[in-house]
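What the coordinates show
Listed below, chain by chain, are the residues.
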Amino acid sequence: FPSHDIIRSVDTVDISLSAIISSSLLERLKEAKIKAQSNIQGDVFKFGQSNLFIFSISRSGVKFYPFVLRSGDITLRISNRDNTSPIPSISISIGSLSSNNDVYGTLQQIRLFFEYHGVKIYEEKVSRIDICVDVVANIQRLGLENNRKIITDAKKSSIYLTSDRLTGRQWGQGSIVCRI
């Protein structure tokens, strides 16, 4: 492929924060979640220049994190456990749009958001990065319809068709996947 046909990028960045979460933020999160569960207009958490982030709270949490805030492709999962737990207090997922635009600037704004709400971060680590490569080409030009032309160790593969026309292929599953 010509180099201009391949675009390297990041699909998702997950970051774990060990932190002391202020009681005022936890109280506000509890109240906002109750409103969201009651179908009342939920509380939003606005932050940044021109309200850069407008986080809405989910009606339910996820395992270990009772509070889930979302703004676009950014998700903040916040725990109400004390800071002695081995599980991080905060889990952040930054999606592809924000990751490829300015992930460092986005993360700095998230840090400022937490600082504004009285959260003291004492450890931060990248827990996962999903990288991806986009191939910009007509899929028929790649010759992917013929399995005999493809060399792979993948145990699983899928073909995607629309009206009998090849629209995509996938090899592998789990942590290593190739999708075209």
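Our subject is the structure listed above.
What you see is a predicted model, and the numbers here were worked out from it, not measured in a lab.

A closer look at the overall build of the protein
Of the regular secondary structure elements, the protein holds 2 helices and 10 strands. Beginning at the N terminus, the succession of helices and strands in the protein can be written as β-α-β-β-β-β-β-α-β-β-β-β. Expected size for 180 residues packed as a compact globule is a radius of gyration near 16 Å; at 21 Å, the protein overshoots this value by more than 25%. Within the span of the protein, comprising 180 residues, buried residues form 34% of the whole. The contacts in the protein between residues at least 6 apart in sequence include a share of 53% that link residues at least 24 apart. Within the structure as shown, the protein displays about 11,700 Å² of accessible surface, and the carbon and sulfur contribution to it stands at 50%. Looking at charge distribution, the protein has the averaged site of its 23 positive side-chain charges lying 5 Å from that of its 17 negative ones.

Details of helix H2 (residues 96–116)
The terminal C-alpha atoms of H2, which comprises 21 residues, lie only 26 Å apart, well short of the 30 Å expected from a rise of 1.5 Å per residue. A bend of about 110° at Asp102 is the largest found in H2. One or two steps after H2, the chain reaches Gly118, where phi turns positive at roughly 80°.

Observations regarding the nonpolar core
Of all hydrophobic cores here, the largest spans 27 residues; its most connected members are Leu76, Ile90, Ile92 and Phe114. Excluding residues within four positions of it along the chain, Phe114 makes contact with Leu17, Leu76, Ile78, Ile90, Ile92, Val119 and Ile121.

Considerations on the pattern of salt bridges
Opposite charge on two side chains makes pairing possible when the charged atoms of those side chains draw close. All chains considered together, the criterion is met by 2 salt bridges. The partner of Glu124 in a salt bridge is Arg111, with the nearest N and O atoms 2.7 Å apart. Of this pair, Glu124 sits in strand S7 (residues 120–135) while Arg111 sits in helix H2, and the two are 13 residues apart along the sequence. When the shortest N-O distance is used, the salt bridge between Arg128 and Asp130 registers 2.9 Å.

Comments concerning the pairing of strand S8 (residues 157–162)
Strand direction decides the pairing type here: S8 and strand S9 (residues 165–171), joined by 6 bridges, are antiparallel. Opposite Tyr160, over in S9, you have Gly168 as the bridge partner. Connecting S8 to the antiparallel partner S9 that follows it, the hairpin turn spans 2 residues, and Ser163 within it adopts a positive phi of roughly 50°.

So, how was this worked out
- Residues numbered from 1 in each chain as written.
- Predicted model: local features only at pLDDT ≥ 70, side-chain atom pairs only at ≥ 80, totals over all residues.
- Heavy atoms only, no water.
- Helix = DSSP H or I, 4+ residues; strand = E, 2+ residues; numbered from the N terminus.
- Rg over C-alpha atoms; globule rule 2.2 N^0.38 Å.
- Buried < 20%, exposed > 50% of the residue type's maximum accessible area, 1.4 Å probe, protein only.
- Contact = heavy atoms within 4.5 Å.
- Areas by Shrake-Rupley, 256 points an atom, 1.4 Å probe, with all protein chains shown as cover.
- Lys, Arg positive; Asp, Glu negative; His and termini not counted.
- Charge placed at Lys NZ, Arg CZ, Asp CG, Glu CD.
- Expected span 1.5 Å × (residues − 1).
- Bend = angle between axes of the 7 residues up to and from the residue.
- Core = buried A, V, L, I, M, F, W, Y, C linked by side-chain atoms within 4.5 Å.
- Salt bridge = Lys/Arg side-chain N within 4 Å of Asp/Glu carboxyl O.
- Pairing = 2+ DSSP bridges.

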